[in-house]
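The lines below spell out each chain.
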Amino acid sequence: MLPDSPLFSYARPSTLEEALALLERYGEGANLLAGGTDLVVELRNRSRRPEIVIDLKRVAEIQPAITLTGRSLTITAATSMTDVQENEHVRAHFPALVDAAATVGSIQIRNRATLAGNICHASPAADTAPALLVYDATVNLTSARGTRTVKLEGFFVGPRHTALQMGEIVTSIELPLPRERRAAQFARITRRRGVDLATISLCCMVEAGGRTRFAYAAVGPRPFVVADESGVLADPSASDGAKDEALRGLIAHASPISDVRGSREYRAAMLLVMSRRALRACIEKLRAA
Amino acid sequence: MTMRIHVTVNGTEREVDVVESTTLLDFVRDDLHLTGTKECCDLGECGACTLLVEGRAVNSCLMLAAEVEGGEITTIEGLNENGKLSPLQDAFLAKGAVQCGFCIPGQVMAAHDLLQRNPHPTLDEVKEGLSGNLCRCGGYVQICEAVLAASEVS
Amino acid sequence: MNPEPIGASERRFGGRGRVTGEQQFIADIRLESMLHVKLVHVDYGHARIVSIDTKKAAAVPGVVRVVTAEDLPQPMPRFGPVHDDKPILAVEETKYHGQPVAAVVAESKESAEAAVQLVRVEFEELSGVYTVESALAPDAPLVQEPELRPDDPLNHTNVLNEFRAGWGDVEAATADVVIDNVYTFPMITHFAIEPHAFIAAPDDGGVELWTATQNPFQMQRLIARVMGLPVAKVRVHSPDPGGAFGGKQHPKYEPLVAFLALMTGRPVRLLLTLEETFQEVRRTSCRIHARTGFKNDGTLAFQDIRGDFLMGAYADIAERVIAKGSYLACGPYRVPHARVVSRALLSHTTPSTAFRGFGTPQVSWAHESQMDDAARRLGIDRVEIRLRNLPRKGEEFLRGDVPADGDWAESVRNAARAIGWGSPLAAGRGRGLAVAIKAGPTTGASYAIVRLHSDGSATVLAGTSDMGQGARTVLAQVAARELGIPIESIRVVMGDTASVPFDLQTSASRSTVFMGQAIARACAHINAQLREMAAELYGAGPAGVTVERGVVQLTGRTETVGDMLRMRFKDVKGEVIGLGSMRSEYAPDHPLGGAPHFFEFSCTASEVEVDPETGEILLIRHVTVADVGRALNPQHVAMQDEGAAVMGLGHTLMENIILDGAGRISNLGALDYRIPTSKDLPLEMHSLVVENGDGPGPYGSKGAGEGGLMATAPAVASAVTEASGVVIRDLPLTPERVWRAIQERTR
């Protein structure tokens, strides 16, 4: 290897068709780059050694855009976290996503990182995942074979592992607009107040009709969403004890581990504490609205 | 194998051959010899390598040089005009925000981006805007004061 | 007369280049035909090197050499600031996670990086010593070979040294209450934003080095010894370090790059990654068992302290850290009977070295937490109990040593006032206050040369390192004051052993006192020569001439020094050269080898709010008070103290190197080793100074800049106790640790 020989080659397709053709040609030897804030670190430390890096940011079909289309909001794959945070539609209809996006790294990172990249990276601790999950996000995928849509819930398969198949590219994320009044609350525990990876993170959503959902990250192999089938959580007449019991039922789906960011016991305890707080915040927001 | 990229660097158009896997940080420091942009963590955690791409602060260690094709980058060397310090640079000195100085180019670039987008930030907004730039010498107090002082000048 | 520079917040010398990017750090220096070095590590703590296969790596285009221990002089040269124990590359085994076993030298860093991946190191995992307990276990593996210390009776143990201090008779002492606790202080990394970097080049039969060191003259001597060169043939350039904090005080890879430069005949450069930097230096961790006796009125009856300090695989300067910390392990208090026994324990971990506070944060964590425990037990206010035990200025408190050199109670009262001690507290909140004391420099020498040029401007040559603390600025202020010239007309030259005179090192907050005095004396030397010059020029007796602050006065004549110099040097030109020094000799009978020239006394007070459900701590207000004698540059003092305070909040709240069972650092790198950000600041922060002009430095100054972190942990912990009801004796106070303590109490 000569000093001027690259570790990988780089392509900058301008259409989806070109990008898919490259992906077809290189298969597993290709890595897709959107914001690059996760990928470039892995390229540097050589935990990824692709033949080619395909930069998707010039692909015409996925240029940064957040559009309201009838019943949903579509966020294209090249849209940065900063754009998501600042977008008026996101702020109006999906405020918990704004709060979650605001915790992804520093401003420098959010200026590059994309929402699509955050979910494709499929970190068990992905901070935007809980918000997207409670908002019922779906992921639009394209390949040479055509397009398909998967629910985000099914998109996360395991740590760093998604339902993306060989030759597929995420083109956008879609969020259905609310059908009824609702309130959502994002919450997390970190080791410091500045930029940090979550020890746990979660999002709660309560709908005026009484449906309550929670989504969690950093407490299992993949972010996941659970619904309160009992209806107790949104029931104003339910006791704190009954609510705690219902919450414990939801949290039982988590399988936190111990690592340098926190122990299993602490994570488990914080799941209950922060779930309680998020639920309370949602109910107060609904009442105030 | 190298590829040719076209990029406006601190206001000057450049055409440079670059190894495809080169990060933007290495490109700026090793190829353009603009060493004001610093390397520390190589993970996007410390902010020492902050520069502006299309006017927005980014961690240059988290980008490939090839990504800036056709675009514009501004490094710390591009902030002062005709040898005169920008109000922000001057405020950093006046307020005692500078100690060893290693983090300072990154801090100044992050602050520059912040003031471009929010010319009169609150203290909390300054803290948020600079939370991606670590400083180990100072207590951040003077850096925040400097940014607030610069916001009053502009 | 020029404006008074002393006490003025002069702008930083060298500040401009730091905001424009022009300031050159080591990594910014480019030499013609420079080669690039990368190190090869094994991912294990203590391991036996079975074989190293460098063939594939050597075949990588651009690779010039792959060097292992076998390629270096035999026996392998060893080095260290006190013990010559550290090999240039690992020999036979690695003794800590990250110790390099080979080095690749290549034409480009890309080639070097590629080749490093191809070096195959076969190693056998060995059991290691990674904690105080395992270092002391009867069957503990020995970290260092006994042959390294043939005359040491402890050479068959992991105890490198045992430091003892004390007075009175602790066994016989009686107390009304005895507080008995164990405290731990974790491994902390310096995390200077500039990772360590080294350049070496062959130079005219010798070697030239570029390294961001706080100690260029020690480096020069050490490289000369290791390489068998005269001192004069080793030139050390030490550009201003990008943060140091003690971590850049002693040699790391300078001997390696020096050998590589001579082996290849070309300049070589080694830039460590931040991860490699973390693996190279850290603060000494410890376990301190404190048994403290009190009378019912809160006065101390005795202190019985056993410290076990975990140093790394090589001694570095850790023994000195342990000795200086332990000497003041009873704090700044009157203690009738004291016994301190501290062991310096070797372990298979990153060598521990100097780090801001130099052992003081570790011991203050114990002695201050003991004071709080006693106050709670005896029902005495926590500020009051301290005031009852603090010596008055001039009072002996370390038996047989120099007395208290400041009005320390004044610092405590100021801190208490600033934090609102005694005023009502909101629910969930608490306040704490703690003090700490560090022995300033004991021995050493600083030399300065001041050159007064014919136009009245001056060049100051000083061997101090300006690593951010602002030494260059303060030293210029001293020269400006003594020569009576504007500070703008002064240049301060540092960082080159071939052009500036000897300085012991930049450490222990010594520069303002030692180098400041040396410069003041060099200026006095100049003024003496100016008196003679005036006498000669104007035909007066030297006794009738005064030269003060740039003004020459003799009977019937007053003129500026500048005017006189212009006249004197009109034709043949010239300059006036002043020499000055401050020396303090080694005192073999003193436990520290010399009495401290001053004490750095510091008081910290903090108000926090604790979330009882999550354990999260919110810092409401944080106050530091530093007794600096005189603040020569108040802005510089504030930036140092506030920086120290935030650094202290790091080790108090979040910082901790975590080792796994194999001695590997689990949180290696910036992602999981967290330091405070701008958002982790207290909501309010105040740094106050006490200025009584009672220091040994110029204008009554004392050293400053370390104090702000010395009492942070006990102050914050005390506030946490008041807010939450739990007492925690292990750092850092992570949300999880606080939560656990609250859980255990509730149980």
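The rules behind the values
- Residues numbered from 1 in each chain as written.
- Chains lettered and ligands numbered in written order.
- Predicted model: local features only at pLDDT ≥ 70, side-chain atom pairs only at ≥ 80, totals over all residues.
- Heavy atoms only, no water.
- Pairing = 2+ DSSP bridges.
- Helix = DSSP H or I, 4+ residues; strand = E, 2+ residues; numbered from the N terminus.
- Axes fitted to C-alpha atoms, helices over the stretch in contact; angles between N-to-C directions.
- Core = buried A, V, L, I, M, F, W, Y, C linked by side-chain atoms within 4.5 Å.
- Buried < 20%, exposed > 50% of the residue type's maximum accessible area, 1.4 Å probe, protein only.
- Contact = heavy atoms within 4.5 Å.
- Domains from an automatic or database assignment.
- Buried area = accessible area lost by both parts, 1.4 Å probe.
- Salt bridge = Lys/Arg side-chain N within 4 Å of Asp/Glu carboxyl O.
- Polar contact = N/O pair within 3.5 Å; in protein donor to acceptor, adjacent residues only side chain to side chain.
- Phe/Tyr/Trp six-rings, centres within 6.5 Å; stacked < 30°, edge-to-face > 60°.
- Lys NZ or Arg CZ within 6 Å of the ring centre and 35° of its normal.
- Nonpolar A, V, L, I, M, F, W, Y, C, P; charged D, E, K, R; others polar.

A.B. asks: What is the right way to look at the sheet that holds strand β1 (residues 35–40) of chain C in this model?
C.D. replies: Two pairing modes exist for strands in a sheet, parallel and antiparallel, and in both the strands are linked by backbone hydrogen bonds. Residue and element names in this part refer to chain C. On the basis of which strands lie adjacent, the open sheet formed by seven strands has the order β3-β7-β1-β14-β11-β12-β13 and mixed pairing. Pairing within the sheet leaves two strands with one partner each, and these edge strands are β3 (63–68) and β13 (234–237). For this sheet the average axis-to-axis angle between neighbouring strands, irrespective of direction, equals 20 degrees. Two elements, strand β11 (residues 197–203) and strand β14 (residues 268–271), share four bridges in a ladder whose sense is antiparallel. Within β14, the position partnered with phenylalanine 198 by the bridge is leucine 270.

A.B. asks: How should I be thinking about the nonpolar core in this particular structure?
C.D. replies: Side chains of a nonpolar character, in soluble globular proteins, are inclined to be buried together. Residues Phe92 of chain B together with Phe191 and Leu733 of chain C are the most contacted members of the largest nonpolar core, which totals 199 residues. In this structure, phenylalanine 92 of chain B is in contact with Ala97, Val98, Ile104, Gln107, Val108, Ile143, Ala146 and Val147 of chain B together with Val19 of chain C, ignoring residues within four places of it in sequence. Core analysis: the next-biggest nonpolar cluster, separate from the first, contains 56 residues, Ala96, Ala131, Val139 and Val150 of chain A among them.

A.B. asks: How should I be thinking about the domain arrangement of chain B in this particular structure?
C.D. replies: Many structure descriptions define interface size as the accessible area lost when the parts assemble. Residue and element names in this part refer to chain B. Split into domains, chain B comes out as domain 1 (2–78) and domain 2 (87–153). A separation of 21 Å is found between the C-alpha centroids of domain 1 and domain 2. Taken residue by residue, the interface counts 16 residues in domain 1 and 13 residues in domain 2. Buried surface at the junction of domain 1 and domain 2, both sides included, amounts to about 1,200 Å², of which 62% is carbon and sulfur. In this assembly, domain 1 and domain 2 are joined by one salt bridge. A salt bridge links arginine 56 to aspartate 113, with the nearest nitrogen and oxygen atoms 3.1 Å apart. Inspection of the domain 1/domain 2 interface yields six residue pairs in polar contact (both at pLDDT 80 or more). Of all the secondary structure elements, the ones that give two or more residues to the side of domain 1 that touches domain 2 are β3 (50–53) and β4 (56–59).

A.B. asks: Explain the packing of aromatic side chains to me, please; I cannot follow it from the model alone.
C.D. replies: For any two aromatic rings, the description comes down to two numbers: the centre-to-centre distance and the angle of the planes. Under the definition given, this model contains 19 aromatic pairs over all chains. Seen in terms of ring centroids, phenylalanine 155 of chain A and phenylalanine 156 of chain A are 6.2 Å apart; in terms of plane orientation they differ by 70 degrees. Their pairing is edge-to-face. In this structure, phenylalanine 155 of chain A and phenylalanine 156 of chain A share a single accessibility class: buried. Seen from their ring centres, tryptophan 408 of chain C and phenylalanine 599 of chain C are 6.0 Å apart, and the 90 degrees between their planes marks the pair as edge-to-face. One end of the pair, tryptophan 408 of chain C, is in helix α11 (residues 408–419); the other, phenylalanine 599 of chain C, is in strand β26 (residues 599–610), with 191 residues separating them in the sequence. Comparing tryptophan 408 of chain C with phenylalanine 599 of chain C shows no difference in burial state: the two are buried. Put simply, the rings of Phe397, Trp408, Phe599 and Phe601 of chain C pair up and form one aromatic cluster. Over the face of the ring belonging to tyrosine 253 of chain C we find lysine 86 of chain C, whose NZ or CZ atom lies 5.6 Å from the ring centre. Sitting above the plane of the phenylalanine 355 of chain C ring, arginine 283 of chain C keeps its charged end 4.1 Å from the centroid.

A.B. asks: Would you explain the side chain of threonine 50 of chain B in this entry?
C.D. replies: Relative to the helices and strands, threonine 50 of chain B is located in strand β3. A residue is classified by how much of its surface remains accessible, and threonine 50 of chain B, at 2% relative accessible area, is buried. In terms of polar contacts, threonine 50 of chain B uses its side chain to reach the backbone carbonyl oxygen of glycine 47 of chain B, at 2.6 Å. Within the structure, the side chain of threonine 50 of chain B is placed 3.5 Å from the side chain of asparagine 133 of chain B, a separation counted as a polar contact. Apart from the residues lying within four places of it in its own chain, the contact partners of threonine 50 of chain B are Gln108 of chain A together with Thr37, Ala57, Val58, Asn59, Gly106, Met109, Ala110 and Asn133 of chain B.

A.B. asks: So what exactly am I meant to see when it comes to the environment of glycine 580 of chain C here?
C.D. replies: Residues and elements named next belong to chain C. As for its position among the elements, glycine 580 is in strand β25 (residues 576–584). Placed 132 residues apart in sequence, glycine 580 and threonine 712 show a C-alpha to C-alpha distance of 37 Å. Other than its neighbours up to four places away in sequence, glycine 580 contacts Ser446, Tyr447, Ala448, Ala518, Arg521 and Ala522.

A.B. asks: How do you make sense of the domain arrangement of chain C when you look at a structure like this?
C.D. replies: Residue and element names in this part refer to chain C. Structurally, chain C comprises domain 1 (15–21 + 444–584), domain 2 (31–126 + 196–271) and domain 3 (359–440 + 598–746). Spacing between the C-alpha centres of domain 1 and domain 2 amounts to 39 Å. Taken together, the contact pairs 18 residues of domain 1 with 18 residues of domain 2. Taking both partners together, domain 1 and domain 2 bury about 1,400 Å²; carbon and sulfur atoms supply 45% of that area. One can count three salt bridges joining domain 1 with domain 2. Taking the shortest distance from any N to any O, the salt bridge between aspartate 240 and arginine 472 comes out at 2.6 Å. Between domain 1 and domain 2 we count nine residue pairs in polar contact (both at pLDDT 80 or more) in total. Split into classes, the residues belonging to the side of domain 1 that touches domain 2 amount to six nonpolar, seven polar and five charged.

A.B. asks: Any chance you could explain the interface of chain B and chain C here in plain terms?
C.D. replies: Between chain B and chain C, the contact holds 46 residues from the first and 52 residues from the second. Looking at the side of chain B facing chain C, the largest losses of area belong to Gln99, Phe102 and Arg136 of chain B, adding up to 20% of the total buried there. Counting across the interface, chain B meets chain C through nine salt bridges. Here glutamate 45 of chain B and arginine 674 of chain C are joined by a salt bridge, their closest N and O atoms 2.7 Å apart. Elements with a minimum of two residues in the side of chain B that touches chain C: α1 (24–31), α2 (87–94), α3 (104–117), α4 (123–129) and α5 (141–153) of chain B. Along the lines of polarity and charge, the residues of the side of chain B that touches chain C split into 21 nonpolar, 13 polar and 12 charged.

A.B. asks: When you look at the pairing of β26 of chain C in this model, what are you seeing that I'm missing?
C.D. replies: Residue and element names in this part refer to chain C. Within β26, 11 of the 12 residues are buried, which leaves the element mostly enclosed by the surrounding structure. When strand β18 (residues 429–439) meets β26, the two strands line up antiparallel, connected through 11 bridges. Its bridge partner being in β26, valine 435 is matched across the sheet by cysteine 603. Direction of pairing for β26 relative to strand β27 (residues 617–627): antiparallel, over a ladder of nine bridges.

A.B. asks: What's the story with the side chain of serine 584 of chain C in this structure? I'm lost.
C.D. replies: For serine 584 of chain C, the location among the structural elements is in strand β25. Those residues within four positions of serine 584 of chain C in sequence are excluded, and the remaining contacts are Thr442, Thr443, Gly444, Phe514 and His597 of chain C.

A.B. asks: In this structure, what is going on with the pairing of β11 of chain C? I would like to understand it.
C.D. replies: Moving residue by residue along a regular strand, the side chains alternate between the two faces of the sheet. Among the seven residues that make up β11 of chain C, five are buried, leaving the element largely enclosed by the rest of the structure. Adjacent in sequence and paired antiparallel, β11 of chain C and strand β12 (residues 206–211) of chain C are bridged by two residues, among which aspartate 204 of chain C carries a positive phi angle near 45 degrees.

A.B. asks: It is not clear to me how unusual backbone geometry should be interpreted in this structure. Could you clarify?
C.D. replies: With glycine set apart, most residues show a phi of negative sign, and most peptide bonds adopt trans. Residue and element names in this part refer to chain C. Between glutamine 74 and proline 75 the backbone carries a cis peptide bond, its omega angle lying at -10 degrees. Structurally, proline 75 is set in the loop between β3 and β4 (78–79). The omega angle of the peptide bond from leucine 731 to proline 732 is -5 degrees, so this bond is cis rather than trans. Position of proline 732 among the secondary structure elements: in the loop between α16 (712–724) and α17 (735–746). Unlike most non-glycine residues, serine 33 shows phi in positive territory, near 55 degrees. With respect to the secondary-structure elements, serine 33 resides in the loop between α1 (15–20) and β1. Despite not being glycine, aspartate 316 has its phi angle at roughly 45 degrees, a positive value.

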